Amino acid sequence: MAINKKEFINCMAENGQKTKKSCKEYLDLVLDTFYALMEEGETVRFARVLKAETKITPQRPARNPQTGDLCTVPERRRIKVTFSEVLRDKLNGEKE
């Protein structure tokens, strides 16, 4: 089951005993800051949780699957997210 943003905010409010409005503002601030850092090409590390970094995928040749014509896929940035071993162990019920 996936939790959407609204449900996540509700959980934050319950667990932190804060208002939903303050939790929404805080989450929006965190996400906006994360997006801005990713756009700048920064690596974001949350210790014991994850590391997110942007990688450049170089320009490459490709083939249009409908027509079979050759085309060029332009260079683009992608996000690589690596989860920490601590988080993986915690999810799998292993000790730290």
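Everything below is about the structure shown above.
Described in the following lines is the structure provided in the data block. (Residues numbered from 1 in each chain as written. Predicted model: local features only at pLDDT ≥ 70, side-chain atom pairs only at ≥ 80, totals over all residues. Heavy atoms only, no water.)

1. A look at helix α1 (residues 5–16)
Then, in step 1: Here α1 is 12 residues long and its end C-alpha atoms lie 16 Å apart, about the 16 Å a rise of 1.5 Å per residue gives.
Then, in step 2: Taken from the residues just after α1, Gln17 is the one with a positive phi, measuring 50°. (Helix = DSSP H or I, 4+ residues; strand = E, 2+ residues; numbered from the N terminus. Expected span 1.5 Å × (residues − 1).)

2. Comments concerning the sheet that holds strand β1 (residues 44–46)
Then, in step 1: Strand order across the open sheet formed by three strands is β1-β2-β5, with antiparallel pairing between neighbours. Whereas interior strands pair on both sides, the edge strands pair on one side only; in this sheet they are β1 and β5 (76–83). Here the strands of the sheet are splayed against their neighbours by 25° on average, with no regard to which way each runs.
Then, in step 2: Pairing of strand β2 (residues 50–57) with β5, which is carried by eight bridges, proceeds in the antiparallel orientation. Counted as the bridge partner of Thr54 is Ile79 from β5. (Pairing = 2+ DSSP bridges. Axes fitted to C-alpha atoms, helices over the stretch in contact; angles between N-to-C directions.)

3. Description of a nonpolar patch on the surface
Then, in step 1: The grouping of Met1, Ile3 and Phe8 at the surface amounts to a nonpolar patch, some 420 Å² of accessible area in total.
Then, in step 2: Here Phe8 shows up in helix α1.
Then, in step 3: Take Phe8: its relative accessible area is 41%, and that puts it in the partly exposed class. (Patch = residues over 30% accessible without salt bridge, like charges linked within 9 Å, V, L, I, M, F, W, Y side chains within 5 Å. Areas by Shrake-Rupley, 256 points an atom, 1.4 Å probe, with all protein chains shown as cover. Salt bridge = Lys/Arg side-chain N within 4 Å of Asp/Glu carboxyl O. Buried < 20%, exposed > 50% of the residue type's maximum accessible area, 1.4 Å probe, protein only.)

4. Re the layout of surface pockets
Then, in step 1: In this structure, the largest pocket spans a volume of roughly 220 Å³.
Then, in step 2: Around the largest pocket sit Phe8, Met12, Tyr26, Leu27, Val30, Leu31, Phe34, Tyr35 and Phe46, which together line it.
Then, in step 3: When residues of the lining of the largest pocket are traced back to their parent elements, those giving at least two are α1 and α2 (20–39).
Then, in step 4: It is α2 that provides the largest number of residues to the lining of the largest pocket, a total of six residues.
Then, in step 5: Grouping the amino acids of the lining of the largest pocket by side-chain chemistry returns nine nonpolar, no polar and no charged. (1 Å grid on protein atoms, 1.4 Å probe; cavity = no way out; pocket = protein on both sides within 12 Å on 5 of 7 lines; lining within 4 Å. Points joined across faces, edges and corners; volume = space filled by probe spheres on them. Nonpolar A, V, L, I, M, F, W, Y, C, P; charged D, E, K, R; others polar.)

5. Considerations on the pairing of strand β4 (residues 70–73)
Then, in step 1: Taken together, the four bridges between strand β3 (residues 60–63) and β4 define a ladder with antiparallel strand orientation. Bridge pairing links Arg63 to Leu70 in β4.

6. Some thoughts on α2
Then, in step 1: Under the 1.5 Å per step criterion, the end-to-end length of α2 is 28 Å for 20 residues, consistent within 8% with the ideal 28 Å.
Then, in step 2: Considered for burial, the residues of α2 that qualify are Cys23, Leu27, Asp28 and Met38. Viewed along the axis of α2, the buried residues span an arc of 130°, placing them on a single side of the element. Projecting away from the buried face of α2 at angles above 90 degrees are the exposed residues Lys21, Tyr26, Leu29 and Glu39.
Then, in step 3: Against α1, β1, β2 and β5 lie the buried residues of α2. (Arc of directions from axis to C-beta. Contact = heavy atoms within 4.5 Å.)

Honestly, that's just the spatial picture; any functional story needs more than this.
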